[in-house]
Amino acid sequence: MAYQNIAVVLNANAGTERSYRYLNEFIGRIAVYQTSTQDDLDTVANEIISNNVEIVAVVGGDGTQYHTYNTLLRVAKQLEREVPKIAIIGEGTGNAVAYSVNAFSPKKQLQWMLENGTEVPLRVIPLVGARFDESEETYFTWAGCGLDAMILNDYKTVKSKGGLFSKGLPGYIRAGLFTSSKRVINGDLGDMQDSTAS
């Protein structure tokens, strides 16, 4: 029997054409949410938690996985509800978490979830809590937290402006050393989830 209590959260900035193609097949059977900002993710998380969705398939890279999980956790605490199970679908530049659970057959994964529902096998992934300021803890695994996506986004900006050392490896180095590193030092991490590569 089909299991309807599943939602897909897609980072629209990370979504590839392939993601959109396979997700179109599931619209109507699974709730599909596209997010491109933290505000979008907050709204989606509120809807998911309020509707007691049990499985959330997160489509994106490591940064998207972490931002989505931490947002769902925060909203669940606020609403005093359970955090849904997370299904990982790797579609970003940094996919260490997806590699660790072999999560690279999205169409098959979603079809299997629809057919098997709550019988989805779980793999526990240890999380490490980190506190960057006075806010609540943020949870990560051993993998990246979206910095690779930020550097890629900054590289695209450097490349679009042109000039000396703007393309290829020199462009990446220039973006990382002179743009991304300054943002990290200044605490300007706001678009890590919004990056075109997360």
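Position labels on residues start from 1 in each chain and follow its written sequence. Only residues with pLDDT of 70 or above have their local features reported here, since the model is predicted, and side-chain atom pairs are shown and tallied only from 80 upward, although totals for entire chains, interfaces and linings are computed over all residues. The basis for the side-chain values is all heavy atoms of the structure; hydrogens and waters are excluded.

A. Quick look at the overall build of the chain. What the chain contains, in helices and strands, is seven helices and six strands. Walking the chain from its N terminus toward its C terminus, one meets helices and strands in the order β-α-β-α-β-α-β-α-α-β-β-α-α. Buried means the residue's accessible area, taken with a 1.4 Å probe over protein chains only, is under 20% of the maximum for its type, while exposed means over 50%, and partly exposed covers the values in between. Buried positions account for 41% of the 198 residues belonging to the chain. Here the chain displays about 10,700 Å² of accessible surface, and carbon together with sulfur accounts for 55% of that area. Working definition: helices are DSSP H or I runs of at least four residues, strands are E runs of at least two. Numbering for both runs from the N terminus. Here, Shrake-Rupley sampling with a 1.4 Å probe gives the accessible areas, and only protein chains in the shown set may cover a residue.

B. Just the packing of helix H2 (residues 38-50) against helix H3 (residues 62-79), in detail. Two numbers describe how H2 lies on H3: the axes approach to 9 Å, and their chain directions differ by 50°. In terms of axis orientation, H2 runs oblique to H3. Judged by the sense of rotation from one axis to the other, the crossing of H2 with H3 is right-handed. Between H2, through Gln38, Leu41, Asp42, Ala45, Asn46, Ile48, Ile49 and Ser50, and H3, the contact on the second element is made entirely by His67, Thr68, Thr71, Leu72, Arg74, Val75, Ala76 and Leu79. Here the nonpolar group is Ala, Val, Leu, Ile, Met, Phe, Trp, Tyr, Cys and Pro; Asp, Glu, Lys and Arg are the charged ones; every other residue, Gly included, is treated as polar. Classifying every residue of the contact of H2 with H3 by side-chain character gives eight nonpolar, six polar and two charged. Only the contacting stretch of a helix is used when fitting its axis, a line to C-alpha atoms as for every element, and angles between N-to-C directions run 0 to 180 degrees. With respect to orientation, any angle under 35 degrees is reported as roughly parallel, any angle over 145 as roughly antiparallel, any angle of 65 to 115 as roughly perpendicular, and every other angle as oblique. For any pair of crossing helices, the crossing counts as left-handed if the nearer helix is rotated counterclockwise from the farther one by less than a right angle, and right-handed if it is rotated clockwise. Here, two residues are considered to be in contact whenever any of their heavy atoms come within 4.5 Å of each other.

C. The packing of aromatic side chains, seen in detail. Only Phe, Tyr and Trp rings are paired, with Trp represented by its six-membered ring, and only when their centres lie within 6.5 Å; those with planes under 30 degrees apart are stacked, over 60 edge-to-face, the remainder tilted. Applying the stated criterion to the full structure yields one aromatic pair. Pairing Tyr155 with Tyr172 gives two aromatic rings, centres 3.9 Å apart and planes at 10°, and the pair type is stacked. In this pair, Tyr155 is assigned in helix H6 (residues 147-161) and Tyr172 in helix H7 (residues 168-185), connecting sequence segments 17 residues apart. With relative accessibility at 7%, the residue Tyr155 sits in the buried group.

D. Examining the pairing of strand E4 (residues 85-90) more closely. Two strands qualify as a pair provided that DSSP identifies no fewer than 2 bridges between them. Examined bridge by bridge, strand E3 (residues 55-60) and E4 share six bridges and lie parallel to one another. Opposite Val56, over in E4, you have Ile86 as the bridge partner. When the strands point away from the viewer and the path from the first strand over the helix to the second turns clockwise, the crossover is right-handed. One crossover worth recording links E3 to the parallel E4 by way of H3, and it is right-handed.

E. Quick look at H6. Between the first and last residue of a helix there are one fewer steps than residues, each counted as 1.5 Å, and that sum is the expected span. Here H6 contains 15 residues, and its C-alpha end-to-end distance of 21 Å stays within 8% of the 21 Å for a straight helix at 1.5 Å per residue. Every buried residue of H6 is listed here: Ala149, Met150, Leu152, Asn153, Asp154, Tyr155 and Val158. Turning to H6, the residues buried within the fold contact H7. One or two steps after H6, the chain reaches Gly162, where phi turns positive at roughly 70°.

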